[in-house]
Amino acid sequence: MTRLIVSLLLATAVAGCAGSPAAPEPDVMEVTLEAPADKVQTAVTNVLTQGGYSVDQDEAGNVTTGMRREVRGPWNGLLRWRFGVGKSRVEARIVRQDESTTRLRLQVFYRGKDGLFDTWEEAETPLPQSAANEIRLIKNALRLL
């Protein structure tokens, strides 16, 4: 009987260690900016484009991007698809509050992997692509800092 209990405890301990790592917290920032909505939308588009993202916008104030371009040239697709260690995309929501105030919600989705044969998993966003850094760059573009 004690052998059975020890075996069950050992199996439980091994199964607990073999679980997948916890998913990171979403990388989201929401700020109110003292600037008109059209200027904020222009700044968001410019900052994300300069950061290597292809940007799509709609009339409702939603800005979405494709995966960030890591390198220039034909190897970018191969880098993102197979060899890369990280890839990110951004979604932003721009809401006009009045003529001079705009609410901006920005979320960065980041996936990473450790090696050539690993699968892509949700990972913590590195600082250069983080939502906080993107907001800082947008504020700089709007000259609000």
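Quick note: structure is the one above.
> Help me out: how do you make sense of unusual backbone geometry in this one?
For residues that are not glycine, phi is negative in most cases, and the peptide bond is trans in most cases. The backbone of R143 sits at a positive phi, close to 60 degrees, despite the residue not being glycine. Positionally, R143 belongs in the segment after α4 (131–142). In this structure R143 comes out as exposed when scored by relative accessible area, which is 76%.

> Whenever I open this one, the side chain of T102 confuses me. Can you help?
Note on placement: T102 falls in strand β5 (residues 101–112). Of the polar contacts made by the side chain of T102, one reaches the backbone oxygen of A35; its length is 2.6 Å.

> Mind showing me how you'd approach the pairing of strand β4 (residues 86–98) here?
The side chains of a regular strand alternate between both faces of the sheet. Direction of pairing for strand β3 (residues 62–65) relative to β4: antiparallel, over a ladder of three bridges. Bridged to V63 within β4 is A92. Taken together, the 12 bridges between β4 and β5 define a ladder with antiparallel strand orientation. The residue bridging D98 from the neighbouring strand is T101, located in β5. Here β4 hands over to β5 after two residues, the two strands then running antiparallel side by side.

> What am I meant to see in helix α2 (residues 37–50) here?
An α-helical turn contains 3.6 residues, so a residue and the one three or four places further along point in the same direction. Look at α2: 20 Å from first C-alpha to last across 14 residues, which is about the 20 Å you get at 1.5 Å a residue. Taken as a whole, α2 has its buried residues at A37, V40, Q41, A43, V44, T45, V47 and L48. Turning to α2, the residues buried within the fold contact β1 (27–33), β2 (55–57), β3, β4, β5 and α4.

> It is not clear to me how the pattern of salt bridges should be interpreted in this structure. Could you clarify?
Any two side chains of opposite charge can pair, on the condition that their charged atoms come close. Applying the stated criterion across every chain yields a total of four salt bridges. For R96, the salt bridge goes to E99, with nearest N and O atoms at 3.2 Å. Look at R96 and you get exposed, because its relative accessible area is 52%. The exposure class assigned to E99 is exposed, which follows from its relative accessible area of 61%.

Rules and cut-offs
- Residues numbered from 1 in each chain as written.
- Predicted model: local features only at pLDDT ≥ 70, side-chain atom pairs only at ≥ 80, totals over all residues.
- Heavy atoms only, no water.
- Helix = DSSP H or I, 4+ residues; strand = E, 2+ residues; numbered from the N terminus.
- Buried < 20%, exposed > 50% of the residue type's maximum accessible area, 1.4 Å probe, protein only.
- Polar contact = N/O pair within 3.5 Å; in protein donor to acceptor, adjacent residues only side chain to side chain.
- Pairing = 2+ DSSP bridges.
- Expected span 1.5 Å × (residues − 1).
- Contact = heavy atoms within 4.5 Å.
- Salt bridge = Lys/Arg side-chain N within 4 Å of Asp/Glu carboxyl O.

Fair warning: the whole summary comes from geometry, so function is off the table for now.
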